[in-house]
Amino acid sequence: MQGFKKITALTLAVVFAAALFSGCGGSPSVTAEGGEAVHTATNPAELYENSSYPGVTFNETTLVFIEDMFDDSLVSVYSNETGETYTIANEANRETFGEQCNYYLCEDVIASIRDDWQTEKWDYLEGASFKSDQPQVIFTDVQTGNFLQFWLQAKFVAVQTSNNYMIFGVTDETVAAVSRQHQELPTATSSRRTAEQTVTEFFDALNAKDAEAYNALMATPVQDPVFDEGVSDTVTATNNLGHIGDFPAEWYENPYANRVVVADFTRTITTKGGLFGGGSKTTQEMRWEFYLVRESADAEWKIAAYGEA
């Protein structure tokens, strides 16, 4: 049925912050002041000593600081390396913040921040402590004081919310994105399709019965996709559920990033009548789950698997 691939529903692990925070053993001490660093970029391995990894990542906790900060808040960006400071906010908040803000970012830039930082790659470091005066960039929510503090060379980040302080290890890609966006953020744009747009284009390809367009959206192309005659789908809603902690290797092995999108759509089935007429048209409401991946930082979203929710 239209290249339909039935999938087995995944159990999406939800790790509650309360459980995670209970293992922190108090707030680690972090400072950007001068003097000898406890752990430095030239020898970051010391940070890992006597640390355990609970097997969870940033997005699997209830922390949603990145999501909220760039949607609803005024954010101050500071670099201790250049001494540069500026404020940014979502374009939708221009009337709210007015002259308080240096730059207003359109929605595709907001999406680029979330996407490029690849928060699912942040590994929580239990009981970690890190002190250094080396290059760092700090994003602070002006309204709440919550912040994200990146030590760029050491590839660590501190997350301070109203109730908790946590340290994560981050990837080289995240460090590169933060470094680049600190310099280019006011004018940065992204032409990459969102995960939701990819799903919408998938349905467009089905309706057009366009095998080339269909396969361009698939992580693994289908040699001869089958399209049902008389079937047309109209997407009514898409909901991006975020990432899966352990993406099934049988669908795609070790993707750079992944997302789950649920699509609601109306399916219209038209049948032709015989010699004397008698055709019919029926509609039904349907919901499919889509599992999308990106193979690299610059890659587009592709669909690794999909099926009935």
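Above this text you will find the structure in question.
Here the structure is a predicted model, which means the values were calculated and not measured.

**Student:** What's the story with helix α5 (residues 172–184) in this structure? I'm lost.
**Tutor:** If you check α5, its first and last C-alpha atoms are 18 Å apart, about what 13 residues at 1.5 Å a residue would give, namely 18 Å. The inward-facing, buried residues of α5 contact β1 (75–79), β2 (85–90), α4 (107–117), β5 (136–141) and β6 (147–151).

**Student:** Looking at this model, I keep getting lost on the nonpolar core. Mind explaining?
**Tutor:** Looking at soluble globular proteins, one finds that nonpolar side chains tend to be buried together. Counting 28 residues, the largest nonpolar core has F70, W117, W122, F139, L148 and F150 as its most contacted members. Apart from residues lying up to four places away in sequence, F70 is in contact with I88, N90, I110, I113, W117 and F139. Counting residues in each nonpolar core, the second largest holds 22 residues, with A195, Y214, F265 and I303 among its members.

**Student:** I'm lost on the environment of V157 in this one. Help?
**Tutor:** Inspection of the secondary structure puts V157 in strand β7 (residues 156–160). Note on V157: relative accessible area 0%, which makes it buried. In the structure, V157 is positioned 19 residues away from I138 in sequence and 9.4 Å away in space, judged by C-alpha atoms. Residues contacting V157, with those up to four places away along its chain left out, are W122, Q149, F150, W151, M166, I167, F168 and V170.

**Student:** Where do I start with unusual backbone geometry in this structure?
**Tutor:** Glycine aside, the phi torsion of most residues is negative, and most peptide linkages are trans. Here K155, not a glycine, exhibits a phi torsion of approximately 65°, which is positive. Here the phi dihedral of N254 falls at roughly 50°; this positive angle occurs in a residue that is not glycine. Mapped onto the elements, N254 comes out in the loop between β9 (231–242) and β10 (257–271). Residue N254 is classed as exposed on the basis of its relative accessible area, which comes to 67%.

Each value, and the rule that gives it
The numbering scheme is per chain: residues are counted from 1 as the chain's sequence reads. This being a predicted model, a pLDDT of at least 70 is required before a residue's local features are given, and a value of 80 or more before pairs of side-chain atoms are given or counted; all residues contribute to the totals for chains, interfaces and linings. For the side-chain quantities, the full set of heavy atoms in the structure was used; hydrogens and water were omitted. The helix and strand labels rest on DSSP assignments: H or I over at least four residues marks a helix, E over at least two residues marks a strand, and numbering proceeds from the N terminus. In this scheme, a helix's expected span is set at 1.5 Å multiplied by one less than its residue total. Residues count as neighbours in contact if any of their non-hydrogen atoms are within 4.5 Å of one another. The nonpolar core is taken to be a set of buried Ala, Val, Leu, Ile, Met, Phe, Trp, Tyr and Cys residues, with the residues joined through side-chain atoms within 4.5 Å. Throughout this description, buried means an accessible area under 20% of the type-specific maximum (1.4 Å probe, protein chains only), exposed means over 50%, and partly exposed covers the range between.

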